[in-house]
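# Survey of secondary and tertiary structure
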Amino acid sequence: MTLNALPIFFLLTMGLATISCSKDKDMEDDPGTITNPDTTIKTKDAFPGLTFTDPVEMKQLPGDSSRFFVVEQAGVIRVFQNNAAATTSSVFLDIKSKVQDGGELGLLGLAFHPDFKTNGYFYVNYTVGSPLKTVIARYKAATPTAERADPASEAVLFTFNQPYANHNGGSLQFSKDGFLYIATGDGGSGGDPQNNAQNRKSLLGKILRVDVDGTAKGNYGIPSDNPYPVGNNDGYLPEIYAYGLRNPWRISFDMENDRLFAGDVGQNKREEIDLITKGGNYGWRLKEGVDCYDPASNCNAAGLIEPIHDYNQNNGDRSITGGYVYRGKAIKSLVGKYIYGDFASGRIWALELDGDQKKSNAILFENKGSISSFAQDVSGEVYYLNYGEGKIMKFVRGNLN
């Protein structure tokens, strides 16, 4: 992705078809949204001496707060010390020669194995060309403290073709169950012309779940309780955990209770947040958020799971970036709230739930730049990545910028 090409997720929302909805909420304000009453919450440049090129992800090693790893879209992972005074970062992995980037393509996701300190394994999600496809691969660092991983250590778990260059998803997360969860987009274009999201014989438009310690399928296995067993009579792919998603840009687990959140980018009307459950159908392309999409009215919503929150695109909020549930100690008023933003508008909100239902949604900030991703450190504090400026920003309390 390059900034001179209407980068990344703004294009995700620009549908190629204009379709009216059965519940037209376009002229309504976002229901339940309030101005955050805690005006002491601020953001600051967490590492003023560091700047990154098109950052799309940031992670720490499991249980290790000493370093951060930042994914640059062109195909580089950089590592640096968790020190506000840091002025240098080093290349942890460089696979630019393999990665097809630009627009919504590139190195899009990173996850460290829960036992990284023992095995040195980490996993990436990237796109390649000729033909265009997504690659889910494992790499290895020689030691837990290594500053550089071996680019020749790649072991491909699996690949799948991408019919178009947009809607690639890309997020990777390990759950407490030890399995790897993978977010995939519907394959692109506009309106999911191939209906991939509803097709359980396709890996597109899904949340996948695989056992990276298994070997039944080569370099991975299928968890025994996945919704569709290997060899099922319907021919549904056993990697599928949930389906009916358009372009889930960033998924995350709540550190406290392991609930899985997904921010799913909308077509041309609505953006949504979903709580992902095993076997769940989240509606796309039958629905876009709470509205019918295809067909434009009287869609059959039986069995579909509604978003826990969605919002319209009227105010320039056109590309949701999923975030994290805040579990830090610095800002007590945010504890338990899901912090998310919008790439196009630069707004950031805090969503509060009562059980699995929305309780409130408060806007925290306006005009915070092109928010490509959020991040969470091992202590539960939350950050966001400013794609255009290449900066890592942190939520703090105090009189800061």
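Figured I'd write up the structure that's included with this text. The structure presented is a predicted model; accordingly, all values stated were derived computationally and were not measured. (Residues numbered from 1 in each chain as written. Predicted model: local features only at pLDDT ≥ 70, side-chain atom pairs only at ≥ 80, totals over all residues. Heavy atoms only, no water.)

## Let's talk about the sheet that holds strand β3 (residues 55-61)
Whenever strands of a sheet pair, they do so through backbone hydrogen bonds, lying parallel or antiparallel. To keep it simple, the criterion reads: Pairing between strands is defined by DSSP: at least two bridges between them are needed. Comment: elements are numbered from the N terminus, with helices defined as DSSP H or I runs of at least four residues and strands as E runs of at least two. For helices, the fitted line uses only the C-alpha atoms of the stretch in contact; every axis is such a line through C-alpha atoms, and the angle between N-to-C directions lies from 0 to 180 degrees.
Strand order in this open sheet of 4 strands is β3-β4-β5-β6, and the pairing throughout is antiparallel. In this open sheet, the two edge strands, each paired with only one partner strand, are β3 and β6 (90-94). Strand after strand, the sheet turns through a mean of 25° between neighbouring axes, direction not considered.

## So, the sheet that holds strand β11 (residues 172-174)
As summarised here, the arrangement of the 4 strands in space is β11-β12-β13-β14, forming an open sheet in which the pairing is antiparallel. Edge positions in the open sheet fall to β11 and β14 (240-243), since each of these has one partner strand only. Averaged over neighbouring strand pairs, the angle between their axes works out to 20° when direction is ignored. As defined by bridge partners, β11 adjoins strand β12 (residues 180-183) across 3 bridges and the pair is classed as antiparallel. Note that in β12 the partner of Gln-173 across the bridge is Tyr-181.

## Section: the side chain of Ser-373
This is how it is decided: Buried means the residue's accessible area, taken with a 1.4 Å probe over protein chains only, is under 20% of the maximum for its type, while exposed means over 50%, and partly exposed covers the values in between. We define a polar contact as two N or O atoms separated by no more than 3.5 Å, with the added condition that, inside protein, one atom must be a possible hydrogen donor and the other a possible acceptor, whereas residues neighbouring each other in sequence contribute only through side-chain atom pairs. Note on contacts: a residue pair is in contact if any heavy atoms of the two residues lie within 4.5 Å.
When you line up the elements, Ser-373 lands in strand β25 (residues 371-376). By relative accessible area, which is 0% here, Ser-373 ends up buried. Reaching out from Ser-373, the side chain makes a polar contact with the side chain of Arg-250 at a distance of 3.4 Å. In contact with Ser-373, not counting residues within four places along its chain, are Val-56, Glu-57, Arg-250, Thr-321, Tyr-384 and Leu-385.

## Examining the nonpolar core
To keep things clear, this is the line we draw: For our purposes a nonpolar core is just a set of buried Ala, Val, Leu, Ile, Met, Phe, Trp, Tyr and Cys residues, chained together by side-chain atoms within 4.5 Å.
In this structure, Ile-77, Phe-92, Phe-122, Val-124 and Tyr-126 are the most contacted members of the largest nonpolar core, which totals 42 residues. Ile-182, Leu-208, Val-210 and Ile-222 belong to the second largest nonpolar core, which has 20 residues in total.

Read these as layout, nothing more, since geometry by itself doesn't imply function.
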